[in-house]
Amino acid sequence: MSGRGLSRRELLARSGAFAGGALLLGSGWNPARALGQGAAPEWFEPPHVTSVGGVLSTQLRVAEGSVPIGTAAGTLPTRAVVYENTYPGPTLDIHAGDTLKVDFINRAPKQTNLHTHGLHVSPKKPSDDVLLMIDPGHSFHYRYDVPDDHPGGTLWYHAHRHMLTDNQVFGGMFGLLIVRGELDRIEGIAGLPERQFQFSQMEVVDGQVADASSSSLSDQVTLVNGRYQPTLQMTTGQTQRWRLSNTSSVFLRVELQGHPLHVIAVDGNALPQTEAHDLIEIAPGSRFDVLVQPEAAGTFELRSLSWKSLGVFYESMVPVPQVLAQISVTGDPPTAPAPLPTTLLPLHDLRHVHVDRRRTFRLEEREPRGTGDEAGFEYFINGRLFDASYINTQVPLGATEEWEFRNLTYEPHPLHIHVNPFQVVAINGDRSRAENHYRDTALIPPFGSLTIRHRFLDYTGIFVMHCHILFHEDHGMMELIEVYDPKKGPGPRRLPGMAMDHDHMGM
Ligand SMILES: [Cu+2]
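J.: Account for the packing of aromatic side chains, naming residues and giving values.
T.: Across all of its chains, the model carries 18 aromatic pairs by this definition. With a centroid separation of 5.0 Å and an interplanar angle of 80°, the aromatic rings of phenylalanine 313 and phenylalanine 447 are classed as edge-to-face. With a gap of 134 residues between them, phenylalanine 313 in the loop between strand 21 (298–304) and strand 22 (322–330) and phenylalanine 447 in the loop between strand 30 (441–444) and strand 31 (449–455) connect regions that are remote in the sequence. Overall, phenylalanine 313 belongs to the partly exposed group, its relative accessible area being 38%. With a centroid separation of 5.1 Å and 15° between ring planes, the pair formed by phenylalanine 361 and phenylalanine 405 is classed as stacked. Pair noted here: phenylalanine 361 is in strand 23 (residues 357–366) and phenylalanine 405 is in strand 26 (residues 400–407), with a separation of 44 residues, a long-range link. You'll find phenylalanine 361 and phenylalanine 405 in the same group, each marked buried. Taken together, Tyr83, Phe104, Phe140, Tyr142, Tyr144 and Tyr157 form an aromatic cluster joined through their ring pairs.

J.: Give me the lowdown on the pairing of strand 2 (residues 55–71), citing residues and values where you can.
T.: Relative to strand 5 (residues 99–106), strand 2 runs parallel, the two being bridged by 8 bridges. Across the sheet, the residue bridging to arginine 61 is isoleucine 105, located in strand 5. Remark: 2 residues form the turn of the hairpin made by strand 2 and strand 3 (residues 74–83), two consecutive strands paired antiparallel.

J.: I'd love a proper account of the environment of valine 320, names of residues and values included.
T.: Turning to its location among the elements, valine 320 is positioned in the loop between strand 21 and strand 22. Distance in space between the C-alpha atoms of valine 320 and serine 218 is 6.9 Å, their sequence separation being 102 residues.

J.: Which residues make up the environment of phenylalanine 361, and what are the values?
T.: For phenylalanine 361, a relative accessible area of 2% translates into the label buried. Spatially, the C-alpha atom of phenylalanine 361 lies 8.6 Å from that of asparagine 407, the residues being 46 residues apart in sequence. In contact with phenylalanine 361, other than residues within four places in its own chain, are Ile381, Asn382, Thr393, Trp403, Glu404, Phe405, Arg406, Met465 and Glu479.

J.: Any details on the coordination of the copper ion? Residues and values, ideally.
T.: In the first shell of the copper ion, the protein supplies His413 (ND1), Cys467 (SG) and His472 (ND1), at 2.0 to 2.1 Å from the metal. Motif for the copper ion, donor spacing along one chain: H-x53-C-x4-H. Taken together, the positions of histidine 413 in strand 27 (residues 413–417) and histidine 472 in helix 4 (residues 470–474) put the pair 59 residues apart, joining distant regions of the chain. Overall, histidine 413 belongs to the buried group, its relative accessible area being 0%.

J.: Could you give an account of the nonpolar core, with specific residues and numbers?
T.: In terms of nonpolar packing, the biggest core is built from 42 residues, with Tyr83, Phe104, Leu114 and Tyr142 touching the most fellow members. Counting only domains with at least three residues in this core, you end up with domain 1 (8–29 + 187–330) and domain 2 (48–181). Ranked by size, the runner-up nonpolar core spans 37 residues in total, among them Leu183, Leu192, Val290 and Val292.

Rules used throughout
Within each chain, residue numbers correspond to sequence positions counted from 1 in written order. Local features in this predicted model are restricted to residues of pLDDT 70 or higher, and side-chain atom pairs are both shown and tallied only at a pLDDT of 80 or more, whereas totals for entire chains, interfaces and linings draw on every residue. Note that the side-chain values use all heavy atoms of the structure and ignore hydrogens as well as water. Between rings of Phe, Tyr and Trp, where Trp is taken as its six-membered ring, a pair exists when centres lie within 6.5 Å; planes separated by under 30 degrees are stacked, by over 60 edge-to-face, and by other angles tilted. Numbering of helices and strands runs from the N terminus, with a helix taken as a DSSP run of H or I at least four residues long and a strand as a DSSP run of E at least two residues long. For each residue, the accessible area found with a 1.4 Å probe, counting protein chains only, is set against the maximum for its type, and the residue is called buried under 20%, exposed over 50%, and partly exposed in between. Two strands pair under a simple rule: DSSP has to find at least two bridges between them. A contact between two residues is defined here by any heavy atoms of the two lying within 4.5 Å. For Na, K and Ca the donor cutoff is 3.2 Å, while for all other metals N, O and S atoms count as donors only within 2.8 Å; water does not appear among the atoms, so some sites may look incomplete. What is meant by a nonpolar core is a set of buried Ala, Val, Leu, Ile, Met, Phe, Trp, Tyr and Cys residues, joined one to another through side-chain atoms within 4.5 Å. What marks off one domain from the next here is an automatic or database domain assignment.

What follows is the structure, given as structure tokens:
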């Protein structure tokens, strides 16, 4: 645990106090890392499993195994607890209207479970219930009925067992979940070749994935599909659809050298029009669907940049600026690249609808600097640590609500809400910064605020919202929401028999 530089808790403790140090190497990216070491690995994507006849029935077996994982010294066999003996897990590829059935088998030594991040499905067992805990040696049959009108886009799945989530996801328990819907039928998007970029933070120690709670950012590299700086081949004039997924707990700012990224969806929610961006900010847990169209031959770097230009409070949970992948483009210049789609899908804009209720949530934290005691780190919503036996917020089905999150801490927190997507309608109270699309994960600025609107349609049940810096989630920054049938009224706030008390869950 010690002797390998700063531990995460030391880093957390120091990151707020230091304006320099390991997190701030230059203003853009780190040229030392750009040089690379050895031959760049070939492009890798985990195996796809695709639905047939409206059903995807598959197995996710959790077990420790030896899987290839990238390091700066090359791709090496590494001990890790993963799904189906692959890092990342298999890509699940379904259509709106499908039924997803997962035979979930826990052969790992600790409890775990499964969350389908971004999927608009019931939060009740056997669907997306993250309060379930699957014991070692046990199995569970998850079943998700995906609605016919589910948005098409890029989602992901991962472990969500409270207080173990950070370690399990960092350790490899995640994968991509693709839903194909209306967006995928638009001319210019339909049939495009696709590539996935699952970004993860990684440190390998003695042939084994490091423990998340003792790994420091300065000892980690950012991988793409489990590879370190892999090379992707493209040809001039080709259009590819890239599915970018930030599975890590760090904030990424991503650019492709010399090329705009044409964004078509955020968190699996289509934009009204394709938007070209030179730089996209991908919060922990968030995803972007982008179109890329190189016109000239050459090698171009996909880079993760510094956040330094945003100010001193954007230093926490930011990786070392680095090259993420090399894009090798070959071929003659095309006569004309295929036109990109412009109009995508209309937005049901929540800025102009009646709001049934407004709520405010206050984010605070306690980080005992220098003590090194992990248990002392606490992250609060409205002064409370997560309590799995208490429903903090009750909402009638059918309601439209506006929620404001006030961040009273020095660092950004990525808000994620299960089941229902939301629209950002203000940042720091500024309504001109509203967004024209939905998302399921959003950055709450340090010492600032995020205001969202969302509708609670289709599903009653109990689910969570939380910070997607998983260390923060595991240490309290999460709470229960219940959507109830207004004809029946809200249920009791105190849930009998829920033993997942924050103070009694150490494993
Ligand atoms: Cu947080």
